[in-house]
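# Survey of secondary and tertiary structure
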Amino acid sequence: MVLTLCLQTTLKAQQTQLSKTLWYKQPANNWNEALPIGNGRLGAMIFGRVENELIQLNEETLWTGGPADPNPNPDAIKYLPEVRKQLFAGNNRETVKLMQKMQGPNTNMYQPLANLNLKQKIDGEISNYRRTLDIANAIATTSFTVNSVKYTREIFASFPDQVIVMRLTADQKNALNVSFGLGDQLEHQVKTEANNQIVLTGKARITSDEPRDTKPFIYTDSLRHNGMRYQARVKVSRTDGKLSTDSLLNVKDATEILVIISGATSFNGFDHYPDRDGVDENAKALSFLKNAASKGFESLKKSHVQDYQKYFNRLAISINNTGSLMADVPTDERLQQYKTGKADFGLEELYFQFGRYLLISCSRPGGIPANLQGIWNASIRPPWRSNFTTNINLQMNYWPAEATNLSELTAPLIEQIKHMAVNGEKTAKNYYGARGWALHHNSDIWAQTNPVGEGGGDPKWANWSLGSPWLSQHLYEHYLFTGDQQYLKETAYPLMKGAALFCLDWLVEKDGYLVTAPSTSPENSYVLPNGSKEVVTIGSTMDLSIIRDLFNNLIDAAKILKIDSDFAKLLAAKRDRLRPLQIGKKGNLQEWYGDFEDEDPQHRHVSHLFGLHPGREISPLIDTVYANAAKKTLLIRGDAGTGWSKAWKINFWARLLDGDHSYKMYQELLKNSTLNNLFDTHPPFQIDGNFGAAAGVSEMLLQSHLNQLQLLPALPTAWKAGSVKGLVARGGFVVDLYWANGKLSKASILSKNGGTLNLLTNIGIKAIGAKQVKRGVYFSNTLETAAGKVYEISVTSDQ
């Protein structure tokens, strides 16, 4: 009996692990099929090739350039009055020309660290090939058989030890014959050390460019200010084979090989020159290597898995009790079948959890934020420079962090916002004569904040100026989810206030309202009645929605902290003078100052719905007029778009309480904007869609932005039964939900901070101490909670 139970438990654990595994029958044909691992700082893409394996390496701080110029365009400020004069006079083309005169340099670029090439001598036919990524343990494996010998390669990126660990084994003695080499696309040197190490050293460029406008590679300047130094080290720390070196690191006749991969750069902060003032990258990489090399594989693996699972295991999801159904089908084949319409709820679970896996792997406290590609990039001229794009993409990267129980992973973003505020104060003053801090469309590791474009960028993206108030929303959201008042007082509030000061100085009066001018709706264009295509407007809906959101959050924060009452009153007065939302002739929410046609009605950005999501201004529970206008807007925009655009639409439809349309967008993203390794594609690969989709699933199941917990607010009809354990709501509530026949069956809610718990459901519920009131089709329950106590929710017969 005991043996039977043990076997059942083991089988269940194996099935559970299989349901959280990406796997394939063949190596990756290209980078978009390789499998990602990461520890926040180091990342690797594993191709799984047998004889000529490629492991592409990244280190999150390896960027071109150096600290941002605080005043790169001293003449910019003199153009602002004329920009506004021409804009108000309707001379849009002249406005664009003047705005381009206000632009500054483009951002720097994220760079690949190195390529680790592994050559294994194979003599015979390859069989039983399998390539996997187990996201329950964050371990990638490649295995195959040749001449009855099974070869296995396990690889993981350890946060505790700050290295990448790889173990190669053969199940017969002395069967491994492997060589290791390092290479890079940039200027570099490779040498071997101590008969068991290979070292690559190099220097990043001091400037950046683009594929369409390439420039000569320059690696140093006369003052030795810029040009990041970097190093990658590979060490065979343990083996029973024979070691030798030439230009490669060679191991012969081995049964097991333990390899430690270390890397570091000279990055010493956003405001220090990486060459002259950089840290010793050699000492840093060597220190990590020596520490890890003193440990055995099982010790390294144990600490890695424990560290990773303290984040990953906080949340579990089950859709239609799928379990491991179809988990025995390769992931690429499952995806292809899904695209043809075959239901696969396990794949939907896997994709959601893969988003959480990626965030744990690319954003850790002490590091820098996830960029457009997370930390995974193989190109020296990456798409959009792999930068921090602040008109949606950087923000979307962190949408799932709080709700899916990964709050600590927002730390890099919060730290980067601090850096942006430092540089942004200079940008606000030098470009606009304004107080506070400003941030434009693009930024980078150096926290650049000026309008980009270099005098030739289209203002519809280059001159967008409201990055500081939008990022301030993340600062306040972190407080709402954690309840950390010390953080609110010392970190969030001062930064939010700085963004508000900029907004106060940026606003101007027009037709009796306060508006922004010049203004854009990011990356979109409109058509005037005379057929003229334009990009600049007055008071775009997005601008004013973001500012309204910031002012409301600051007013609430001042009340919580019992400070700054006069400033809060000023914000309230200014907020009430902002131009209100406008409904167009088609019943949609108006995007521009006038009710103009879009040049591209299905444009990927839906910026004017900021108030619906991620804001809290529009909801069917607040005002059906604006909610219906938002719905009409989405219907006009359509369900197509880039990967991240579809991800945003998942969230939009969930906020409109339309679970089936939200689910449709989730399916669209998986079917048409997902690569075989489950990376989101714009195209090309862009990681924000992975994160936006994970956030969207959480919004279907739990919402808390309206000061109440909405349980299963947008549950798709197709998800008839299931559970989710570990979602987090604002107020510090950790929520487990169970449903059957498309309706809530029970819930369990942990109150981390105590306080009032407001619940909203579409079915009658009961909880000890709760007071229930029926309002239309909804049931509202209120109860006072104690910190650390769990509250059980059951369903009543009331309907």
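Since the model is a prediction, treat every value here as computed from it, not as a measurement.

Further remarks concern the sheet that holds strand S25 (residues 702-703). Across the sheet, which stays open at both edges, the five strands sit in the order S25-S26-S30-S33-S32 with mixed pairing between neighbours. Each edge of the sheet is formed by a strand with only one pairing partner; in this case those strands are S25 and strand S32 (771-775). In the sheet, S32 pairs with strand S33 (residues 778-785) via five bridges, with the strands oriented antiparallel. The partner of Lys-771 across the bridge, within S33, is Thr-782.

Time to look at the side chain of Thr-681. Structurally, Thr-681 is set in the loop between helix H18 (659-672) and helix H19 (688-701). The class for Thr-681 is buried, based on a relative accessible area of 11%.

What follows covers the confidence of the model for the protein. Counting all residues, the mean pLDDT for the protein is 96, and 98% of those residues have values of 70 or more. Mean pLDDT values for the elements of the protein range from 56 in helix H1 (residues 2-19) up to 99 in strand S2 (residues 35-38). With pLDDT under 50 throughout, residues 3-7 is counted as low confidence; its partners more than four residues away or in other chains account for zero contacts.

The first and last C-alpha atoms of H19 sit 20 Å apart over 14 residues, in line with the 20 Å expected at 1.5 Å per residue. Extensive coverage of H19 is indicated by the burial of 14 of its 14 residues.

Position of Ser-780 among the secondary structure elements: in strand S33. Here the side chain of Ser-780 touches Arg-775 through a polar contact of 3.3 Å, side chain to side chain. Sequence-distant contacts of Ser-780, that is, excluding residues within four places in its chain, are made with Leu-759, Leu-760, Lys-771, Gln-772, Val-773 and Arg-775.

This part takes up the pairing of strand S12 (residues 197-203). With respect to burial, S12 is a largely interior element, six of its seven residues being buried. The sheet contact formed by strand S11 (residues 188-193) and S12 spans six bridges and is antiparallel. Looking at the pairing, Gln-189 lines up with Thr-201 of S12. Hairpin connection between S11 and S12: a loop of three residues separates the two successive antiparallel strands, and Ala-194 in this loop has a positive phi of roughly 55 degrees. With seven bridges connecting them, S12 and strand S13 (residues 229-239) associate as antiparallel partners. Residue Leu-200 lies in a different strand from S13, and its bridge partner there is Ala-232.

Rules behind the numbers
- Residues numbered from 1 in each chain as written.
- Predicted model: local features only at pLDDT ≥ 70, side-chain atom pairs only at ≥ 80, totals over all residues.
- Heavy atoms only, no water.
- Pairing = 2+ DSSP bridges.
- Helix = DSSP H or I, 4+ residues; strand = E, 2+ residues; numbered from the N terminus.
- Buried < 20%, exposed > 50% of the residue type's maximum accessible area, 1.4 Å probe, protein only.
- pLDDT = per-residue confidence, 0-100.
- Contact = heavy atoms within 4.5 Å.
- Expected span 1.5 Å × (residues − 1).
- Polar contact = N/O pair within 3.5 Å; in protein donor to acceptor, adjacent residues only side chain to side chain.

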